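Summary of structural features
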Amino acid sequence: MLYLSRLTLNPYNPGVRSDLAAPYRLHQTLMRGVDGQARESRLLFRLEPEAPAEAPILLVQTQTLPNWDSLLKNGYLRRADGPKALNPESIQQQMYRFRLMANPVKKVRKDGKNHSVRVPLKRARYSEEEFKAEGKIGYLQWLERQGNNRGFKVANVTDMPKAAQPTKGKGKHFGVLFDGFLQVTDAEKVQQALTDGIGPAKAFGFGLLSLAPAH
């Protein structure tokens, strides 16, 4: 079972301002909601882009039942809607509307050596020859490949590059917001993708896959 919460942050709270500037700390703060169960509960979250700056909204998914009381009491949250139970096994082979904030990167071999590096991707579509020779892949192709591996086929999608998120070091994570429709081809794989998330940098607000019936 998964649990979805919709949290409205209080932007006047100093902790909120600090966490929004450093998403990894935001993840650590949210983990207080599953205190004592951190190792058993993967927590995925996404800052919803439609929310106004004066009322930022997080969609948070946990594998154990969260409790947001402490964050409400200290003024970190203005309100907490949910948690709402979501059974991944309800996913069927049908069309769904989806949203995914992703960090599309690709591990490649560098200079023929036996180590790999993560490289940020571009929107451009590269040929299979370029992919095989240089590891190049556009982020729309990245999404298609994720679907091939995780049991879905993208039917229609809009993509919006987002401002890079700071890492724990000096670098930044490149983000893309995908909105569209997908066809589930393997329900079990999609169920696992819902639970695990898609792509890297999940502790920085990436990887949460949201599905809703297309009808």
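Before any of the text, the structure's been laid out above.
Predicted model, so just to flag it, every value in this text is computed and none were measured. For every chain, the first residue of the written sequence is number 1, and numbering continues from 1 onward in sequence order. Confidence filtering applies because this is a predicted model: local features only for residues at pLDDT of at least 70, side-chain atom pairs given and counted only at 80 or more, and all residues used for totals across whole chains, interfaces and linings. Only heavy atoms go into the side-chain values, all of them from the structure, while hydrogens and water stay out.

This brings us to the sheet that holds strand E1 (residues 2-9). If you walk across this open sheet you meet the four strands as E2-E3-E1-E4, and the pairing is antiparallel. The open sheet has two edge strands, strand E2 (44-47) and strand E4 (77-86), and neither has a second partner. In this sheet, neighbouring strand axes are inclined to one another by 15 degrees on average, regardless of whether the strands run parallel or antiparallel. Strand pairing follows a simple DSSP-based rule, namely that at least 2 bridges must link the two strands. A run of H or I in DSSP becomes a helix once it reaches four residues, and a run of E becomes a strand once it reaches two; helices and strands are each numbered from the N terminus. Bridge count between E2 and strand E3 (residues 57-62): four bridges; the pairing is antiparallel. Opposite Leu44, over in E3, you have Gln61 as the bridge partner. Residue contacts are counted whenever heavy atoms from the two residues lie within 4.5 Å of one another. Whenever a helix is involved, its axis is fitted only over the stretch in contact; in every case the axis is a line through C-alpha atoms, and angles between N-to-C directions fall within 0 to 180 degrees. In this fold helix H2 (residues 23-30) packs onto E1, E2 and E3, with an angle of close to 125 degrees to the strand it touches most, E2. Across the sheet, helix H6 (residues 187-196) touches E1, E2 and E3, and the angle it forms with E2 is around 75 degrees.

Another aspect to go through is the pattern of salt bridges. Pairing between side chains becomes possible if they bear opposite charge and their charged atoms approach one another. By definition, a salt bridge exists where a carboxyl oxygen of Asp or Glu is found within 4 Å of a side-chain nitrogen of Lys or Arg. For the structure on display, the rule yields six salt bridges. Where Arg46 meets Glu48, a salt bridge forms, and the shortest distance between an N and an O atom there is 2.7 Å. The same class applies to Arg46 and to Glu48, which are both buried. With a shortest N-O distance of 2.5 Å, Arg99 and Glu50 are connected by a salt bridge. Placement of Arg99 in strand E5 (residues 95-102) and of Glu50 in the loop between E2 and E3 is noted, with a sequence separation of 49 residues between them. Salt bridges sharing common partners tie together Arg46, Glu48, Glu50, Arg99 and Asp179. Type-normalised accessible area, obtained with a 1.4 Å probe on protein chains alone, sets the label of each residue: buried when under 20%, exposed when over 50%, and partly exposed for intermediate values.

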